[in-house]
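The lines below spell out each chain.
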Amino acid sequence: GESVGLHLPTLSVQEGDNSIINCAYSNSASDYFIWYKQESGKGPQFIIDIRSNMDKRQGQRVTVLLNKTVKHLSLQIAATQPGDSAVYFCAETYSSASKIIFGSGTRLSIRP
Amino acid sequence: NAGVTQTPKFRVLKTGQSMTLLCAQDMNHEYMYWYRQDPGMGLRLIHYSVGEGTTAKGEVPDGYNVSRLKKQNFLLGLESAAPSQTSVYFCASSPSQSSYNEQFFGPGTRLTVL
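One structure accompanies this document, and this report is about it. (Residues numbered from 1 in each chain as written. Chains lettered and ligands numbered in written order. Predicted model: local features only at pLDDT ≥ 70, side-chain atom pairs only at ≥ 80, totals over all residues. Heavy atoms only, no water.)

A few words on the sheet that holds strand E7 (residues 64-67) of chain B. Residue and element names in this part refer to chain B. The 4 strands lie next to each other as E1-E3-E8-E7, forming an open sheet whose pairing is antiparallel. In the strand order of this sheet, the two ends are held by strand E1 (4-7) and E7, each with one partner. This sheet shows a mean twist of 20° between the axes of neighbouring strands, independent of strand direction. Here E1 runs beside strand E3 (residues 19-25); their pairing, made up of 4 bridges, is antiparallel. The residue bridging Gln 6 from the neighbouring strand is Cys 23, located in E3. (Pairing = 2+ DSSP bridges. Helix = DSSP H or I, 4+ residues; strand = E, 2+ residues; numbered from the N terminus. Axes fitted to C-alpha atoms, helices over the stretch in contact; angles between N-to-C directions.)

Turning our eyes to something else, we now look at the pattern of salt bridges. Taken as a whole and assessed by the stated rule, the structure comprises 6 salt bridges over all chains. Linking A:Asp84 and A:Arg61 is a salt bridge whose minimum nitrogen-to-oxygen distance equals 2.9 Å. Separated by 23 residues along the polypeptide, A:Asp84 in the loop between strand E8 (72-77) and strand E9 (86-93) and A:Arg61 in the loop between strand E6 (56-58) and strand E7 (62-67) bring together distant segments of the chain. For A:Asp84, a relative accessible area of 6% puts it in the buried group. For B:Glu30, the salt bridge is made with B:Lys71, and the minimal N-O distance between the two is 2.9 Å. Placement of the pair is B:Glu30 in the loop between E3 and strand E4 (31-37) and B:Lys71 in the loop between E7 and strand E8 (73-78), with a sequence separation of 41 residues. Residue B:Glu30 is classed as partly exposed on the basis of its relative accessible area, which comes to 31%. A cluster of three or more residues bridged by salt bridges with shared partners is formed by B:Arg36, B:Asp38 and B:Arg44. (Salt bridge = Lys/Arg side-chain N within 4 Å of Asp/Glu carboxyl O. Buried < 20%, exposed > 50% of the residue type's maximum accessible area, 1.4 Å probe, protein only.)

Glancing now at the state of the cysteines. All names here are of chain A. Using the criterion set out here, one finds 2 disulfides over all chains in the structure. Through a disulfide, Cys 23 is tied to Cys 90; the S-S separation comes to 1.9 Å. Across the S-S bond linking Cys 23 and Cys 90, the dihedral sits near 55°, which makes this disulfide right-handed. In this pair, Cys 23 sits in strand E3 (residues 19-25) while Cys 90 sits in strand E9, placing the two residues 67 residues apart along the sequence. A relative accessible area of 0% means that Cys 90 is categorised as buried. (Disulfide = S-S within 2.5 Å.)

Take the pairing of strand E2 (residues 10-14) of chain A next. Residue and element names in this part refer to chain A. Along E2, the buried face is formed by Leu 11 and Val 13; none of Thr 10, Ser 12 and Gln 14, which line the opposite face, is buried. Looking at chain direction, E2 and strand E11 (residues 106-111) are connected through 5 bridges and run parallel. Bridge assignment links Ser 12 to a residue of E11, and that residue is Ser 109.

Across the two faces of E7(B) the burial differs, with B:Tyr64 and B:Val66 buried and B:Asn65 and B:Ser67 not buried at all. Between E7(B) and E8(B), which pair antiparallel and follow one another directly, the connecting turn spans 5 residues.

On to the packing of aromatic side chains, then. For the structure on display, the rule yields 12 aromatic pairs over all chains. Ring geometry for A:Tyr25 against A:Phe33: centres 4.3 Å apart, planes inclined by 45°, an arrangement best described as tilted. With respect to burial, A:Tyr25 and A:Phe33 carry one shared label: buried. Taken together, a centroid distance of 6.5 Å and an interplanar angle of 75° make the contact between B:Phe90 and B:Phe105 edge-to-face. Residue B:Phe90 is found in strand E9 (residues 87-94), and its partner B:Phe105 is found in strand E10 (residues 104-105); the two are separated by 15 residues along the sequence. Residues B:Phe90 and B:Phe105 agree in their burial class; the two are buried. Linked through ring pairs, A:Tyr36, A:Phe46, A:Phe89, A:Phe102, B:Tyr33, B:Tyr35, B:Tyr48, B:Phe90 and B:Phe105 together constitute an aromatic cluster. (Phe/Tyr/Trp six-rings, centres within 6.5 Å; stacked < 30°, edge-to-face > 60°.)

Any functional reading would require information that these geometric values do not contain.
Below you can see the structure in the form of structure tokens.
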């Protein structure tokens, strides 16, 4: 089975609030954890990744947190906008592989 | 740059028919991937290639074949289509071994097998 999974299939957030999307993983050997965004009718788009020896990484309006103790990954989106509506996938990879394994996704919807 | 393009965008097949999906990228990427995405689910890797002339199996390779004769193209073939292969197929590419976390995806091909 998949080693990367998500806590909630859907998340509804008020526009302007912060969004937090969670992900659990089971493979302690993963080297990187990655977040992708998929808008309706489009292919996934890379957002940000974090190496397994890091706890936090920030990008533009996004922050990824990694808690290796409980094998938990989260994506925080600041000041959520309508354009953030999408399905968000967490994924993992190992440096010895040339591929990534995707989780099942969380749909983020924005309330006006 | 066009990025990653996929042909065709839509296709309907009857059970037992064959077809080839074409993926092309103009970014000079070494790595290319084929995924399938079923409704409400994540992406599952079918086959991938780490360079021209090389291919490898992913998570769900049965019923599919691939070829990478040219660096910029990655073909996915269905020899005898089955209803279970109804899905959206995505192609992706990434520059190299050191940067395959960031994959660039095409717009997808929606395939229905009747």
